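# A look at the structure
The residues making up each chain are set out below.
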Amino acid sequence: MILRLFILLPVLVVALFLYGAIVNIGYIEENRCRMTYMFEHPQYTRLPVQGNERFPKYGLHAYSEGFITQRVQQRVFTGAPVLFVPGSGGSYKQVRSLASVALRKGIDNNWQTHLDYFSVDLNEELSGVYGGYLQDQTEFLELCIQEIARLYGARGRSIRMFIVGHSVGGKLAQAVVTQRNIGRHVAGIVTLSAPVDKPVALLDHYHHSFYDRIEQAWKTNRSVAMESKTSPLKLSLDGILFITIGGGIRDIIVHDGLTSSRYADLHAMTHNIPNVWLSVDHLCAMWCLQFVLVMNRFLFSIVVPQGRSSFGFVDDKQMQLEKAKRFLSQPFVGLLDDDDDDDDVERERVPVGKGKEQLLVQHYPEQEEWVEDIRRSFTERHRAGMDRTRVQMIRLIPDKAFHRFLRVEIINSEQDNWLSGCAAVEIYGNSRMCQKAVSLVNYTLPVPSSKFDRFGALLDMHELKRNNPTWTHVLVKIPRTIKPVQFSVDIFNPDERVINLTMPYWFDYRVHTILQDASTDDSFYRINIAGMAHTYQTVALDLTAVSCGGVKGTVVVKVRVPWANGYDRYAFHEELNQTTVYIYPPIEKPPGGEEKEEHEVPIQLDVHLTPGCKYRIRYAQSLRVSIARIVQQHLVLMPAHCIALLLLAFKDQLSQTGHDDPAFVVGKLRSSLTKPGPLVMLLATSSLIAKFLTLFKSIPRVELLATPLVVSILIHLASLGVLVIATLGLWGAIAFCANFAHKIILRLIALPIPVMSSTFLSCIHKFPLAIAVLLIAIALTACGGVSLLCAVAVYFVLLSKAYEDYLENFVFHTARKIAARLFGAREPNERDGKRRRHRRRPANETGDELMVINFHLPLFFLVIMLALLNVPSVITWAKNYHYANTLQPDPSLVPALIVLVCLAVLWQLNTPRNVYGYELLAALLVIVAFVSVLYCQVHVYRLNYSIGLVFLAITVHQIIAPKRRDVVEMDVAEEKQPEEIVQQPEQESEDDKKAN
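All of the points below concern the structure found in this document. In this text, all values refer to a predicted model and were calculated from it rather than measured experimentally.

### Comments concerning the environment of Thr580
Following the sequence through the fold, Thr580 ends up in strand 31 (residues 578-583). For the pair Thr580 and Asp542, spaced 38 residues apart in the sequence, the C-alpha separation amounts to 4.5 Å. Not counting residues within four places of it along the chain, the set of residues in contact with Thr580 comprises Ala540, Leu541, Asp542 and His573. Reaching out from Thr580, the side chain makes a polar contact with the side chain of Asp542 at a distance of 3.3 Å. Polar contacts involving the side chain of Thr580 include one to the side chain of Gln578, which spans 3.4 Å.

Here it is in structure tokens:
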């Protein structure tokens, strides 16, 4: 019963992983992006590039529409250049959303300021899974930058461009600036959903060397983001603005933890960018209108005139960074905005504070209505607008806890400087007022909304009073307007609005209520969640509007993870009475020991509720999103675990025979997989070995330490479940689909004469060595991955043939036993003895056809795994076949040749042979299994060499190992012995007759 439960558990985990994959596809967050439309048909003009003959597959294009196309064809470019680099499998036409919006904006402002968009055609190569073309793409991108510089240089302009790279294109942009004399042509790099410092998966060593080379170049020539602020030394790449942008939870290809870089000047997530506020999937980042508008606004904000009717990007990196923070991070952070053009705002130098500037808001009491309300919490709505400017006064009352924090929010304010503070000591009419007030714009932040301009502020009025002792009021100014206006004021004691939670245990999925009925005047709560350290940990926060007084509920939740800079997240839901927000850390919490104090701060949630609604807040651990995030971030670890468990099961198969036993016996793969021993051993000892290996500095860093224990257990169980299901499926295929597989192979061969096709198939059974040589020829002339896929088909045919032989012998022996029972056993005579001695030799030296299948089944699985690992090479070879018949470079060639040469020997010999030394082979399998888990989880391409090593060791063992005692000779000896005993009494009876 326990064994059955153990078999069921991995299958349940596989089902959980499938459910997590489905949730990832579209059941976490809806796509709320709006489409970007073109007003005219887009045109992509191909530009000649010097040196393009080296890369005939690639090209450079300039985007245009309508009458602008003629200027592009004449090579007349007067705008600031932006070069778009597509990602893995991406098209150069993906630039059209960004370029079309920029072109329309340039036309709308009478071509006074505009951008010139260029796009690189990289033949839609899958550089994310095949790294052999990354160096060629980098070199061609270098040629494109030089060509664009020549286009502008021909008109006497020295230009610097911005590179916008999507996915792997962002990494190419980071790589190209390390080339000689290229950095001086690049003003900045913006990466969109790009795996910057770490790849999604290392499927070949070209990816590894590419990332390592870029890391070394940037480490030498670029300051780390935190160090560049304090270090006076400027390196060669420090003058380039580097911005990284991630897509959030909807991006299931490049998760948010991979999109940041320690060299980035600014990191932002689309769900935190003002006026975007949405998570976008991997491709949606190219056409999401909300993001495209903000991206172009940022680029236009740093364009300056350069000569007559010519424009370029500003050279001052600090100014570029300030604009980037305004548009891509938060607009009111740090210094005040230089572009403020309010008529009632003037700039004045503060006599203290090291020359910092502040804004003074000018008031005109004869045109304004000054109102002071003694209520602590209230909301006012003016649906028809306001015919007179209103100044709402909020008194500063020190030393009263219930009057400490102020949360104020305003909708549809037409003035940026709507919040200020002053000493209201002047009198006008019957109200107190002040002629000038100090702007508090640096306290205001935009609040997500898809329909209105919504801003809010959270002030500590006690601290404000301490810093400004003469102040008496905080002022909220709402200018007259015909738009509907709403503002709300909420003054509270922070201790009453702070809720502290602890992350539930991994097995606790109960729903907990933390606020049953919030007051209708409460508009703000802060929730602190402690104990969340891993990216898979997810809490579902459920906010339900129990009752609303004639309004529709709108909830905004700001999530701040203290150890993840740039990953603040806004989640907002409008006109919904029930909202669920998923809370999770985007990156792992740094390990304890030497962390800063901020690492001890829990995750903070600022919950902004709709005034007038009474809310109920509950939370629970979310299993569906936790599993979905594990699948998204850790699915790439499964190949290493599958191979490790398969090798341990194979080791158990080979360990069924004692050293002194005369015949070698191979166990069943299914039985070895369902034993809990290999799984428990791998789980218990891999972590201990990893910690032990970290003590030695000369040993490479172990990959296992970065994976949480819970994730490792789930990955182990899922891998085991996949192997169990695959084993049962393969047995079913061998037993019931062998004929069907033969027909498919005959159809694929499709030789002109049908007899030749059947003859070729019979050659597979009789001459496997010749087939192996043919597969090696395919690997050398086409692609190693193609030969491996063919080897899988050939191996399946051989296994099905072995199963047919097993069934034939089984039926024959069963029929003989039935005949013996029905008709009685005949006396063995000399004729039968000779027939038994000359019976057909079995398929292997041990005399059991089923044992042949048990021995080759794990090897067949290893060949399948090796073929799947090299599928990207096959796709790349097929995609580029019309350019070259042979894939160059081919990361699958070496492991394919090793395995195919070994298969040629194993298929030709009667394996498994009855030899000694299987104990040493089993020990090697254990070592390779642990190496696969410790060093091949992220560096997946290393598994190719692990599998090649296993095949090489098995082949050498089968060739050179000494034989055990031959089983056939033992059978013959046993048969002779009873014959001599029978002959002896016959001779005695003849002597007795003679004597008589």
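What follows picks up the thread again.
### Overview of the packing of aromatic side chains
Applying the stated criterion across every chain, the model contains 24 aromatic pairs. Taking 5.2 Å as the distance between ring centres and 75° as the angle between the ring planes, the aromatic pair formed by Tyr130 and Tyr133 counts as edge-to-face. Each member of the pair, Tyr130 together with Tyr133, is buried. Taken together, a centroid distance of 5.9 Å and an interplanar angle of 55° make the contact between Trp218 and Tyr263 tilted. Separated by 45 residues along the polypeptide, Trp218 in helix 6 (residues 205-221) and Tyr263 in the loop between strand 7 (241-246) and strand 8 (266-269) bring together distant segments of the chain. Residue Trp218 shares its accessibility class with Tyr263, and that shared class is buried. Of the aromatic side chains, those joined through ring pairs into one cluster are Tyr44, Tyr63 and Tyr92. One cation-aromatic arrangement involves Arg32 over Phe572; the distance from NZ or CZ to the ring centre is 4.8 Å. We note Lys105 situated over the ring of Phe300; from NZ or CZ to the ring centre the distance is 5.4 Å.

### Some words on empty space enclosed by the protein
Unfilled space is identified by rolling a water-sized probe across the atoms. Within the structure shown, the criterion is met by six cavities of 30 Å³ or more. Of the pockets and cavities examined, the largest cavity occupies roughly 160 Å³. Taken together, 15 residues line the largest cavity, and the ones lying closest to its centre are Tyr63, Ile68, Val72, Leu115 and Asp116. Mapped by element, the contributors of at least two residues to the lining of the largest cavity are strand 2 (59-65), helix 2 (68-73), helix 3 (96-108) and strand 4 (115-121). Asp256, Met269, His271, Val559, Val561, Tyr567, Arg569, Tyr584 and Pro586 together form the lining of the second largest cavity. Considered class by class, the residues forming the lining of the second largest cavity number six nonpolar, one polar and two charged.

### So, the sheet that holds strand 26 (residues 512-515)
Pairing is antiparallel in the open sheet, where four strands are placed in the order 26-33-28-31. Two strands close off the open sheet at either side, each with one partner strand: strand 26 and strand 31. Shown here is a sheet whose adjacent strand axes are inclined to one another by a mean of 25°, direction ignored. When strand 26 meets strand 33 (residues 613-621), the two strands line up antiparallel, connected through three bridges. Across the sheet, residue His512 finds its bridge partner in strand 33, namely Tyr619.

### With respect to the pattern of salt bridges
In total, this model carries 23 salt bridges according to the counting rule given. With a closest N to O distance of 2.8 Å, Arg407 and Glu409 form a salt bridge. An identical accessibility class is assigned to Arg407 and Glu409; each is buried. For the salt bridge of Asp542 with Arg618, the shortest nitrogen-to-oxygen distance reads 3.6 Å. One end of the pair, Asp542, is in strand 28 (residues 539-548); the other, Arg618, is in strand 33, and 76 residues separate them in sequence. Judged by its relative accessible area of 28%, Arg618 is partly exposed. Through salt bridges with shared partners, one network takes in Asp373, Arg375, Glu380 and Arg390.

### A word on helix 22 (residues 849-869)
Between its first and last C-alpha atoms helix 22 spans 30 Å; for 21 residues at 1.5 Å apiece the expected length is 30 Å, and the two agree. By the largest-angle criterion, His856 marks the main kink of helix 22, which is about 30°, and a proline, Pro858, follows within four residues. Among the 21 residues of helix 22, 19 are classified as buried, and the element is accordingly described as predominantly covered.

### Concerning the environment of Ile7
Looking at the secondary structure, you find Ile7 in helix 1 (residues 2-26). Classification of Ile7 by relative accessible area gives partly exposed; the value is 28%. Considered as a pair, Ile7 and Thr674 are 667 residues apart in the sequence and their alpha carbons are 6.0 Å apart. Those residues within four positions of Ile7 in sequence are excluded, and the remaining contacts are Thr674 and Val724.

### Describing the packing of helix 19 (residues 768-781) against helix 20 (residues 784-823)
Closest axis-to-axis distance for the helix 19/helix 20 pair is 8 Å, and the angle between their directions is 160°. Put simply, helix 19 runs roughly antiparallel to helix 20. Helix-helix and strand crossings are classified by hand; for helix 19 and helix 20 the assignment is right-handed. In this structure, helix 19 uses Pro768, Ile771, Leu775, Ile778 and Ala779 to contact helix 20, whose residues at the interface are Gly784, Val786, Ser787, Cys790, Ala791, Val794 and Leu798. Classifying every residue of the contact of helix 19 with helix 20 gives ten nonpolar, two polar and no charged.

What counts, and at which threshold
Residues numbered from 1 in each chain as written. Predicted model: local features only at pLDDT ≥ 70, side-chain atom pairs only at ≥ 80, totals over all residues. Heavy atoms only, no water. Helix = DSSP H or I, 4+ residues; strand = E, 2+ residues; numbered from the N terminus. Contact = heavy atoms within 4.5 Å. Polar contact = N/O pair within 3.5 Å; in protein donor to acceptor, adjacent residues only side chain to side chain. Phe/Tyr/Trp six-rings, centres within 6.5 Å; stacked < 30°, edge-to-face > 60°. Buried < 20%, exposed > 50% of the residue type's maximum accessible area, 1.4 Å probe, protein only. Lys NZ or Arg CZ within 6 Å of the ring centre and 35° of its normal. 1 Å grid on protein atoms, 1.4 Å probe; cavity = no way out; pocket = protein on both sides within 12 Å on 5 of 7 lines; lining within 4 Å. Points joined across faces, edges and corners; volume = space filled by probe spheres on them. Nonpolar A, V, L, I, M, F, W, Y, C, P; charged D, E, K, R; others polar. Pairing = 2+ DSSP bridges. Axes fitted to C-alpha atoms, helices over the stretch in contact; angles between N-to-C directions. Salt bridge = Lys/Arg side-chain N within 4 Å of Asp/Glu carboxyl O. Expected span 1.5 Å × (residues − 1). Bend = angle between axes of the 7 residues up to and from the residue. Parallel < 35°, antiparallel > 145°, perpendicular 65-115°, else oblique. Left-handed = near helix turned anticlockwise from the far one by under 90°.

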